[in-house]
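Chain by chain, the residues run as shown.
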Amino acid sequence: MTSTDNADCLFCKIVAGDIPADVVASSDTAIAFRDIAPKAPVHVLVVPKEHYPDVPAFAASDPEGLAAVIGLADGVASDLGDGQHRLIFNTGPKAGQTVFHVHAHLLAGGELPGLA
């Protein structure tokens, strides 16, 4: 399924260039852009260019794509911080997922409070 198959998806529109975003990195298969409501000094969303609703669907359909998203996130963490980071995938509304296009929240840039 390609990003253009989901005309109402916010992240598909960002991938297509229809909605502007502060893009910090991209590859053939993924894009990384700053979150509009950052929770850390570095808070970047890393999104595959193909549309998948959540990380289990993405992993089942395209494990290499998931690896590429994680690789891009790692590169961004090194470029914008010291390489140390937290990578979070929310799956489902009860877990905090509000956009149903799989995306990783990359948090970095200092001490990250909260989760152990």
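Cut-offs and rules
Residues numbered from 1 in each chain as written. Predicted model: local features only at pLDDT ≥ 70, side-chain atom pairs only at ≥ 80, totals over all residues. Heavy atoms only, no water. Helix = DSSP H or I, 4+ residues; strand = E, 2+ residues; numbered from the N terminus. Rg over C-alpha atoms; globule rule 2.2 N^0.38 Å. Buried < 20%, exposed > 50% of the residue type's maximum accessible area, 1.4 Å probe, protein only. Expected span 1.5 Å × (residues − 1). Arc of directions from axis to C-beta. Contact = heavy atoms within 4.5 Å. Pairing = 2+ DSSP bridges. Axes fitted to C-alpha atoms, helices over the stretch in contact; angles between N-to-C directions. Core = buried A, V, L, I, M, F, W, Y, C linked by side-chain atoms within 4.5 Å.

A. Broad picture of the overall build of the chain. Counting its regular elements, the chain contains three helices and five strands. Reading the secondary structure of the chain in the N-to-C direction produces α-β-β-β-α-α-β-β. Over its C-alpha atoms the chain spans a radius of gyration of 13 Å, differing by no more than 12% from the 13 Å that the globule rule assigns to 116 residues. Judged by the C-alpha coordinates and their principal axes, the chain covers about 40 × 30 × 25 Å. When burial is assessed residue by residue, the chain has 36% of its 116 residues classed as buried.

B. Structural view of helix α3 (residues 63-80). Compared with the 26 Å implied by 1.5 Å per residue over 18 residues, the 26 Å span of α3 between its first and last C-alpha is a close match. Taken together, the buried positions of α3 are Gly65, Leu66, Val69, Leu72, Ala73, Val76 and Ala77. Along the axis of α3, the buried positions cluster into a sector of 140°, meaning they face one direction only. With respect to the buried face of α3, the exposed residues turned more than 90 degrees away are Glu64 and Asp79. Contacts made by the buried residues of α3 are with β1 (23-26), β2 (30-34), β3 (42-48), α2 (55-61), β4 (85-88) and β5 (104-108).

C. Expanded view of the environment of Ala21. Looking at where Ala21 falls in the secondary structure, it is placed in the loop between α1 (10-16) and β1. Residue class for Ala21 comes out partly exposed when judged on its relative accessible area of 34%.

D. Fine view of the sheet that holds β1. Across the sheet, five strands lie side by side as β1-β2-β3-β5-β4; this open sheet has antiparallel pairing. Edge positions in the sheet fall to β1 and β4, since each has one partner strand and no second. Adjacent strand axes in the sheet meet at a mean angle of 20° when their direction is disregarded. Two elements, β2 and β3, share five bridges in a ladder whose sense is antiparallel. Across the sheet, the residue bridging to Arg34 is Val44, located in β3. Running at roughly 155° to β3, α3 makes contact with β1, β2, β3, β4 and β5 of the sheet.

E. Quick look at the nonpolar core. With 19 residues, the main nonpolar core has Ala32, Val44, Val46, Phe58, Val69, Leu72 and Val76 as its most contacted residues. Where this core is concerned, the elements lending two or more residues are β2, β3, α2, α3 and β5. Ranked by the residues each element gives to this core, the list is headed by α3, at six residues. In this structure, Val69 is in contact with Ala30, Val46, Pro48, Phe58, Phe89 and Ala104, ignoring residues within four places of it in sequence.

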